[in-house]
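Tertiary structure, described
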Amino acid sequence: MCEIKGLSNVKEEVYGALDSFVAWELEFPLIVVKKALKALEDEKEWKRIIQVIKWMFNKGQGKTMGSYYTLLNALIEDGRIEEAEELFGMIFSRYMEGLPRTFFMKMISLYYSVGAYDKMFEVFADMEELGVRPDGSIVRMLGDVFQKLEMMDKYEKLKKKYPPPKLEYRYIKGKRIRMKVYPNNTTEEATKGDPITDELEEAESIHLDNELEEAASSGLDRNVLDDAASGDLEYL
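Since we're looking at a predicted model, the values are computed, not measured.

**A few points about the environment of Leu30**
Along the chain, Leu30 turns up in helix H2 (residues 30-42). The spatial distance from the C-alpha of Leu30 to the C-alpha of Met56 is 8.8 Å, given a sequence separation of 26 residues.

Right under this line is the structure:
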């Protein structure tokens, strides 16, 4: 992909370089752009990620949950909190019943870090209303805030409703897998890493896993977000 790291942050300059890169392509080089975004993530080039994704959206390309999550994360990392909130609100309003848990987790983590506890409670309330089960890291952050605010009744209710999962080993297709077993008998595979990191890595990897899916994305229900992306996200 064209070298854009050395360019200024002027929208026209960056978009012009990207337009030149795809000018002679018969099809939009989606996989190349996705790989470039991954490289920019590794180098924490948040401004460039924002510019490239918005340019890609303006071309009507790459509008998957993974791309929206990458943009949300970049906006937060770049300190553009109001834009991140606007993006989250847009996605939530248009695809609330199918929104992955990682989006809720990202916003709860953001509000926890900046002490915006009322907003944190609002996001958690939306999760519960939609039946999205919080993971351990979300429960711990909420519990910490409840204790800090001396809301012990809510803290006790939280612990009772979402107790730590027990671990047991089960055999799935001949493989011994460690599972988290919740009181309601639901299970999910346990990981050895940090819950916050695991959840974020899961969402951040979506844009690579869905490369082939995006090629035929015009018929997917996730594209209810398309109209918003081409309008609301044009500014830099």
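After that view of the structure, there is still more to cover.
**Concerning the packing of helix H7 (residues 117-130) against helix H8 (residues 136-148)**
One way to put it is that H7 packs onto H8 with a least axis distance of 12 Å and a crossing angle of 135 degrees. In terms of orientation, H7 and H8 fall into the oblique class. Judged by the sense of rotation from one axis to the other, the crossing of H7 with H8 is left-handed. Here Tyr117, Met120, Phe121, Phe124 and Met127 of H7 lie close against H8, whose contacting residues are Ile138, Met141, Leu142, Val145, Phe146 and Lys148. Class assignment of the residues belonging to the contact of H7 with H8 gives a composition of 10 nonpolar, no polar and one charged.

**Quick look at the pattern of salt bridges**
The final tally for this structure, using the stated rule, is nine salt bridges. As a salt-bridge pair, Asp78 and Lys47 come within 3.2 Å of each other at their nearest N and O atoms. A residue pair is termed long-range when its members are at least 10 positions apart, and Asp78 in the loop between helix H4 (65-77) and helix H5 (81-95) and Lys47 in helix H3 (residues 46-58) qualify at 31 residues.

Rules and cut-offs
Residues numbered from 1 in each chain as written. Predicted model: local features only at pLDDT ≥ 70, side-chain atom pairs only at ≥ 80, totals over all residues. Heavy atoms only, no water. Helix = DSSP H or I, 4+ residues; strand = E, 2+ residues; numbered from the N terminus. Axes fitted to C-alpha atoms, helices over the stretch in contact; angles between N-to-C directions. Parallel < 35°, antiparallel > 145°, perpendicular 65-115°, else oblique. Left-handed = near helix turned anticlockwise from the far one by under 90°. Contact = heavy atoms within 4.5 Å. Nonpolar A, V, L, I, M, F, W, Y, C, P; charged D, E, K, R; others polar. Salt bridge = Lys/Arg side-chain N within 4 Å of Asp/Glu carboxyl O.

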